[in-house]
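Structural characterization, general
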Amino acid sequence: GVSSLVRVTPSMLKFMNGRKDKETGKIKDAWSVYQGKVYNISPYLPYHPGGEGELRRAAGKDGTKLFMEVHPWVNWENMLGECMVGIFVSEEQPPA
Ligand code: HEM
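Computed from a prediction, not measured in an experiment: that's the story for all the values here. (Residues numbered from 1 in each chain as written. Predicted model: local features only at pLDDT ≥ 70, side-chain atom pairs only at ≥ 80, totals over all residues. Heavy atoms only, no water.)

For the protein, the count of helices and strands is four helices and four strands. Reading the protein from its N terminus to its C terminus gives the helix and strand order β-α-β-β-α-α-α-β. In the protein, which comprises 96 residues, the proportion classed as buried is 33%. Counting only contacts in the protein whose residues sit at least 6 apart along the sequence, the fraction spanning at least 24 positions is 61%. Accessible surface, the protein as shown: approximately 6,500 Å² in total, 57% of it carbon and sulfur. (Helix = DSSP H or I, 4+ residues; strand = E, 2+ residues; numbered from the N terminus. Buried < 20%, exposed > 50% of the residue type's maximum accessible area, 1.4 Å probe, protein only. Contact = heavy atoms within 4.5 Å. Areas by Shrake-Rupley, 256 points an atom, 1.4 Å probe, with all protein chains shown as cover.)

Right, here's the structure in full:
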């Protein structure tokens, strides 16, 4: 539900993006923003028809523009529903 959604700031987005898995040493998290929503795109990386590299170009960033340039017809909300982690907010967010 909405109450479990994290408020993600630009610095959190960057921080989450570089984290490595303790056991494998591989970068595990890739978070991107699409239209104000933050997604952990990691599980989808191997399945992206345009390749992992293309999807990673939006890692740690707002990918909306890149996404819309390439395939505005793709319904990412349906595809990534499970991967949504929160909403994107500005750095200084007063308490709700
Ligand atoms: C293709 C999903 C982000 C670049 C596709 C296709 C899907 C998809 C379903 C096949 C579309 C079709 O054939 O009509 C997604 C999702 C994204 C995402 C869910 C976000 C989470 C991106 C980003 C880029 C990108 C950020 C570019 C930086 C491409 C390219 C193709 C493609 C170049 C075409 C591959 C080809 O036809 O050879 N993507 N995409 N995608 N995607 Fe993405």
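Now that the structure has been shown, the text picks up again.
Moving on: the coordination of the iron atom of the ligand. Every protein donor of the iron atom of the ligand is listed here as His48 (NE2) and His71 (NE2), and their distances to the metal cover 2.0 Å. Angles of 88 to 179 degrees at the metal separate the six donor atoms of the iron atom of the ligand, which places the site in the octahedral class. Of this pair, histidine 48 sits in the loop between strand 3 (37–40) and helix 2 (52–56) while histidine 71 sits in the loop between helix 3 (64–70) and helix 4 (76–80); the two residues are 23 residues apart in sequence, bridging distant segments of the chain. Histidine 48 gets classed as buried once you look at its relative accessible area, which sits at 14%. According to the relative accessible area criterion, histidine 71 is buried, its value standing at 17%. (Donors = N, O, S within 2.8 Å, 3.2 Å for Na, K, Ca; no water. Tetrahedral: all angles 85-135°; square planar, octahedral: opposite > 155°, others 65-115°.)

Around the ligand sit 18 residues, and of these His48, Glu54, His71, Trp73 and Leu80 come closest. Within the side chain of histidine 48, an N or O atom sits 2.8 Å from a nitrogen atom of the ligand. One of the side-chain nitrogen or oxygen atoms of histidine 71 is found 2.8 Å away from a nitrogen atom of the ligand. Elements supplying a minimum of two residues to the shell around the ligand: helix 2, helix 3 and helix 4. (Near = heavy atom within 4 Å. Polar contact = N/O pair within 3.5 Å; in protein donor to acceptor, adjacent residues only side chain to side chain.)

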